[in-house]
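# Topology and contacts: notes
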Amino acid sequence: FAYAYAVFHSPTYRTRYAEFLKIDFPRLPLTSDPDLFAALVEKGAELVDLHLLRAPAVDRFITTFPAEGDGRVERGYPKYVAPLLAGGEGRGGVSGRVYINKTQYFEGVAPEVWAFHVGGYQVSEKWLKDRRERTLTWDDIQHYQRIVVALAETIRLMEEIDALIPGWPLA
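Because the structure is predicted, anything quoted here is derived from the model rather than measured.

Next up on the list: helix α4 (residues 34–51). In this model, α4 (18 residues) spans 25 Å end to end at C-alpha, consistent with the 26 Å of a helix rising 1.5 Å per residue. Capping of α4 at its N-terminal end is provided by D33; its side-chain oxygen lies 2.9 Å from the backbone amide nitrogen of D35. With its phi angle positive at about 55 degrees, L53 sits one or two positions after the end of α4.

Listed below in structure tokens is the structure:
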């Protein structure tokens, strides 16, 4: 399972087989290289633990929720404010803010984390959209921060998986 999970999270696999993935179940290429298999199993297991939010890394938050307020996700939110770009847009720094109302936000969400999609959903946005017109509890705020860590780590692991695979099709 962990091997399959790793292969299916390879960006090159997803790009190379994108058309097939739209119309059919994914094909799982097998490798005859035991070292590659073991390395991919290890990365896949890390991904599984991240996605189940049981990896120790998810409790090392990379975001903050610094502003006082009622924690309500207002209509028209969430909104992402990107870090300062060359053209002067955004706000400075290397990570952006995800606003849940006019004054409250999660600080430290990287643009690639905000934009990350699983299936047809932008994960960072969808989780908050599903909570519109509701007040986030302390547990909700921490859960969202864990999701951000899991997404950032997923992006890192996907790059590592691609670096492990010498070429397609797998040999």
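Now for the pairing of strand β3 (residues 105–109). The element β3 is extensively covered by neighbouring structure, given that 5 of its 5 residues are classed as buried. Sheet topology places strand β2 (residues 96–99) next to β3; 4 bridges connect them, and they run antiparallel. The residue of β3 that forms the bridge with V98 is F106. Here β2 folds back onto β3, and the loop between the two strands holds 5 residues.

Interhelical geometry of α4 versus helix α7 (residues 138–164) gives an angle of 170 degrees and a closest axis separation of 10 Å. It follows that α4 is roughly antiparallel to α7 by the angle criterion. Facing L36, A39, L40, K43, E46, L47, L50 and H51 of α4, the residues of α7 in contact are A150, E153, T154, R156, L157, E160, I161 and L164. Of the residues belonging to the contact of α4 with α7, the class tally is 9 nonpolar, 2 polar and 5 charged.

Rules used throughout
- Residues numbered from 1 in each chain as written.
- Predicted model: local features only at pLDDT ≥ 70, side-chain atom pairs only at ≥ 80, totals over all residues.
- Heavy atoms only, no water.
- Helix = DSSP H or I, 4+ residues; strand = E, 2+ residues; numbered from the N terminus.
- Expected span 1.5 Å × (residues − 1).
- Polar contact = N/O pair within 3.5 Å; in protein donor to acceptor, adjacent residues only side chain to side chain.
- Buried < 20%, exposed > 50% of the residue type's maximum accessible area, 1.4 Å probe, protein only.
- Pairing = 2+ DSSP bridges.
- Axes fitted to C-alpha atoms, helices over the stretch in contact; angles between N-to-C directions.
- Parallel < 35°, antiparallel > 145°, perpendicular 65-115°, else oblique.
- Contact = heavy atoms within 4.5 Å.
- Nonpolar A, V, L, I, M, F, W, Y, C, P; charged D, E, K, R; others polar.

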